[in-house]
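Examination of the molecular architecture
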Amino acid sequence: MNKKFWLVIVLAAACAIPLAVPNDYIQQIVNMIGIYIILGTGINILTGYTGQLSLGQAAFFGIGAYVTAILNTWTGAQFFVCLIASILITGAASLVLAIPALKVKGPYLALLTQGFGEIIRIVMINWTPVTNGTAGILKIESPRIFGFTFDTLTRYFYLTLFFVVLGLLYQKILIESRTGRAFIAIREDSEAAELTGINVTTYKIRSFVLSSVYCAVAGTLYAMMIRYVSPDTFIANTSSVILWTAIVGGFGTLIGPIIGGVVMQTLPELLRFCGNWRLVVYGIILLIVILHFPGGLYPYIQKLLAFFKRKGSR
Amino acid sequence: MALLELKNVTKRFGGLTAVEALDLDVQEHQIAALIGPNGAGKTTVFNMITGAYHVTEGRVTFNGTVINDEKSYNAMKPHKIVELGIARTFQNIRLFKKMSVLDNVMTGFHSVSKAGMFNIIFKPSEMKREEDENRVKAMKILEFLKLQDIANSQAGGIPYGTQRLLEIGRALATRPKLLLLDEPAAGMNSSEKKALVKTIRSIRDEYNLAVLLVEHDMELVMDISEDITVVNFGRRIAHGTASEVQANEDVIEAYLGRSDD
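Per chain, residues are indexed from 1 in the order of the written sequence. Chains carry letters from A onward and ligands carry numbers from 1 onward, assigned in written order. In view of the model being predicted, local features appear only for residues whose pLDDT reaches at least 70, and side-chain atom pairs are presented and counted only at 80 or more, with totals across whole chains, interfaces and linings using the full set of residues. To get the side-chain values, take all heavy atoms of the structure and skip hydrogens and water.

Focus: the overall build of chain A
To be explicit about the condition: Numbering of helices and strands runs from the N terminus; a helix is a DSSP stretch of H or I covering at least four residues, while a strand is a stretch of E covering at least two. All radius of gyration figures rest on C-alpha atoms, and the globule criterion is 2.2 Å times the number of residues raised to 0.38. Burial classification: accessible surface area is computed with a 1.4 Å probe over protein chains only, and a residue below 20% of its type maximum counts as buried, one above 50% as exposed, and the rest as partly exposed.
Broken down by element type, chain A carries 15 helices and two strands. In terms of overall dimensions, chain A is globule-like: its C-alpha atoms have a radius of gyration of 20 Å, near the 20 Å expected for 314 residues. If one aligns the C-alpha atoms of chain A with their principal axes, the spans along those axes are about 65 × 50 × 45 Å. In chain A, buried positions account for 52% of the 314 residues.

So, helix α11 (residues 200-226) of chain A
All names here are of chain A. Rules: Multiplying one less than the number of residues by 1.5 Å gives the expected span of a helix.
The end-to-end C-alpha distance of α11 is 39 Å, a good match for the 39 Å that 27 residues give at a rise of 1.5 Å each. Across the 27 residues of α11, 22 count as buried, placing the element largely inside the fold. Backbone geometry just downstream of α11 places Arg227 in the positive-phi region, at approximately 65 degrees.

Topic: the environment of Val280 of chain A
All names here are of chain A. Note on placement: Val280 falls in helix α14 (residues 278-292). On the basis of relative accessibility, which here comes to 41%, the residue Val280 falls in the partly exposed class. Remark: the alpha-carbon pair of Val280 and Ser86, spanning 194 residues in sequence, is separated by 35 Å.

Here's the deal with the sheet that holds strand β5 (residues 65-69) of chain B
Residues and elements named next belong to chain B. Put simply, the rule is: Here the rule is simple: two strands pair whenever DSSP picks up at least two bridges between them. The axes used here are C-alpha line fits, helices contributing only the stretch in contact, and every angle between their N-to-C directions lies in the interval 0 to 180 degrees.
Overall, antiparallel pairing links the four strands, which are arranged β2-β1-β4-β5 in an open sheet. In the strand order of this sheet, the two ends are held by β2 (16-26) and β5, each with one partner. Each strand of the sheet is rotated relative to its neighbour by a mean of 25 degrees, with strand direction disregarded. In this structure, strand β1 (residues 4-13) lies alongside β2, joined through seven bridges in antiparallel fashion. Within the sheet, the bridge partner assigned to Val9 lies in β2 and is Leu22.

Topic: the interface of chain A and chain B
As a reminder of what qualifies: Note on definitions: a residue-residue contact is assigned when non-hydrogen atoms from the two residues lie within 4.5 Å. Here the quantity called buried area is the total loss of accessible area, with a 1.4 Å probe, experienced by two parts when brought into contact, counted for both. Salt bridge criterion: a side-chain nitrogen from Lys or Arg within 4 Å of a carboxyl oxygen from Asp or Glu. By the criterion applied in these results, polar contacts are pairs of N or O atoms within 3.5 Å in which, for protein atoms, one can donate a hydrogen and the other can accept it, and in which residues neighboring in sequence qualify only through two side-chain atoms.
Counting residues at the interface gives 26 residues for chain A and 30 residues for chain B. Buried area between chain A and chain B, both sides added, is near 2500 Å², and the carbon and sulfur share of it is 62%. Among the residues of chain A in contact with chain B, Arg178, Arg181 and Leu195 of chain A are the three that bury the most area, contributing 32% of the side total. Inspection of the chain A/chain B interface yields three salt bridges. Between Glu131 of chain B and Arg181 of chain A there is a salt bridge, with its nearest N and O atoms 2.8 Å apart. Inspection of the region where chain A meets chain B yields 13 residue pairs in polar contact (both at pLDDT 80 or more).

Re the side chain of His110 of chain B
Relative to the helices and strands, His110 of chain B is located in the loop between α3 (101-108) and α4 (119-122). In this structure the side chain of His110 of chain B is engaged in a polar contact, spanning 3.5 Å, whose partner is the side chain of Tyr203 of chain A.

Points about the confidence of the model for chain A
In low-pLDDT regions, the fine details of the predicted coordinates are not to be read closely. Where we set the bar: A residue's pLDDT is simply how confident the predictor is in it, with values from 0 to 100.
When pLDDT is averaged across chain A, the result is 93; 99% of the residues are at 70 or more. At the low end of the mean pLDDT range in chain A sits helix α15 (residues 298-313) of chain A, at 81; at the high end sits α11 of chain A, at 97.

Section: the packing of helix α3 (residues 24-49) of chain A against helix α9 (residues 178-188) of chain A
Residue and element names in this part refer to chain A. As a reminder of what qualifies: Small angles under 35 degrees read as roughly parallel and large ones over 145 as roughly antiparallel, with 65 to 115 read as roughly perpendicular and the rest as oblique. Basically, the charged four are Asp, Glu, Lys and Arg, the nonpolar ten are Ala, Val, Leu, Ile, Met, Phe, Trp, Tyr, Cys and Pro, and anything else, Gly included, counts as polar.
Their axes nearest at 8 Å, the elements α3 and α9 cross at an angle of 45 degrees. Relative to α9, α3 is oriented oblique. Only Phe183, Ile184 and Arg187 of α9 make contact with α3, whose side of the interface consists of Ile45, Gly48 and Tyr49. Here the contact of α3 with α9 is composed, by residue class, of four nonpolar, one polar and one charged.

Side note on unusual backbone geometry
Phi is positive for Arg227 of chain A, close to 65 degrees, though the residue is something other than glycine. Topologically, Arg227 of chain A is positioned in the loop between α11 and α12 (236-249). Phi at Asn8 of chain B takes a positive value of approximately 55 degrees, unusual for a residue other than glycine. With respect to the helices and strands, the residue Asn8 of chain B is situated in strand β1. Looking at Asn8 of chain B, the relative accessible area reads 44%, which means it is partly exposed.

Some words on the pattern of salt bridges
The tally for this structure, following the rule as stated, stands at 21 salt bridges over all chains. Here Glu118 of chain A makes a salt bridge to Arg121 of chain A, at a shortest N to O gap of 3.1 Å. Here the residue Glu118 of chain A and the residue Arg121 of chain A both occupy positions in helix α6 (residues 106-126), the gap between them amounting to three residues, near one helical turn. A salt bridge links Glu20 of chain B to Arg235 of chain B; its shortest N-O distance comes to 3.4 Å. Of this pair, Glu20 of chain B sits in strand β2 while Arg235 of chain B sits in strand β10 (residues 235-240); the two residues are 215 residues apart in sequence, bridging distant segments of the chain. The partly exposed category is assigned to Glu20 of chain B, whose relative accessible area is 32%. The structure contains a network of salt bridges with shared partners spanning Arg181 of chain A together with Lys128, Glu131, Asp132 and Arg135 of chain B.

Some points on the pairing of strand β8 (residues 210-214) of chain B
All names here are of chain B. Rules: Convention used here: a crossover is right-handed provided that the path from the first strand, over the helix, to the second strand proceeds clockwise when the strands point away from the viewer.
When you tally the buried positions in β8, you get five out of five residues, the bulk of the element. On β8, burial covers both faces: Ala210, Leu212 and Val214 on one face and Val211 and Leu213 on the other are all buried. Across four bridges, strand β3 (residues 31-35) lies against β8 in parallel orientation. When the sheet's bridge partners are listed, Ala32 is paired in β8 with Leu212. The pairing of strand β7 (residues 178-182) with β8 spans five bridges and is classified as parallel. Counterpart to Leu178 in the pairing with β8 is Ala210. With respect to chirality, the unit in which β7 leads through helix α7 (residues 190-207) into the neighbouring parallel β8 is right-handed.

Below is the structure:
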């Protein structure tokens, strides 16, 4: 009861965010936070809960965005068609990668996924007839759903919010289910998991494909919001920002990706006053966070909330 | 017919023969023990039964099904063997430490439940029912092991002896017909050991299963086992009841050394 009450409050507050946003520039950052929460949730399931490190999430994000861009500009396909195609094609690509990749562990898996990310980026640049090379794909249409067009950033916010809530809800139910326990068991001790009756190989693949589906959804949302895709967006740096989104919030926690999404997207903007030193300061802050809060920010925010609760009840 | 049957099983690692031409039977509802000095090949035997190792020669049969033999296409994957009804515990405890005690047991139900990733969307009520049923069953197992009060504690934080019990609980959740216990008494004091003997017997009766244990504590082994197989240097040197094995000269030699007269 109490939990549901808070959930409604938080959702209502989230719906009211555009009221507090002064201009489109900030609205776009807020929307990007939403997209990164989805990306962060995907890698949280794969790395935070299943313990498989990926440095190639930008590839799946990119495949999702390009499938959407190509389908929409070539055939005029609408949002849901693009979304489903994006999920299916990204899922298939991740399955093809997962089957050989998940035979290796830890740093080797990280390297393999990073290599895959590079391959996809190079394909985006060089497969000019389809991807239009470095120029990217322009003039993607805004989504039209049941006659309603999401053509302003404020409208787009609600579309993004819908998928953020859906993605977080699915994550919560999944992690507390039989599949989620299998994922965590693999992270904790994959050999013991196998000897408890879990088919470790197929569950690793499931986790991998699922995390790529989150990337696909984020990719479609991104392409139809910015209405332009180019290879510059889907570089190794994007993969690490996605990874950091989950780390900063708290790996293997349900709301870690929310905190990570907010921090990773707003911090570079808040640091604009640093001028040319912006990225240096950004890097140093992230280093401090990882050194001081190795479990991410979520446990500390939890403690802080508990503190205020105690103070409030006094 | 024996529930578990190892026939002429050999395991070589390169030039090293860890187990040689071993025969071992476990009957239904029996408490059997596999003993031998350190390095005799006991853990290797467990690993062949659970499918972690392929046998080099010979055959392992469980409940009439070949689960491991020299043809690799007959060798079953470990999780399949769990589904068939063999569960194990580990010498060095291997719980899912960051999960709760209850969730560790719930994870054990994996092979006997179905809900997948799509049920969340398409069959939520069916999934919830299965989840509720499993939670009740898991609590029953915890009550049986007297762990119900710590159901929500983190598994990595509970005392050592309790962790051992929890491992048994997780194994029981897979509904085994045969339970393999790898040094279940290691690190336990004498009163805990006495309780363990009772627990193992009551598990056998309550869950109607057979037990095969590897254990160094001879008092416990002789007390509990109905059938003992002694191995040394990978070979079976004796087999029989506790009193038969204790009288066997090869066994005495293996444990105490040869007298020099």
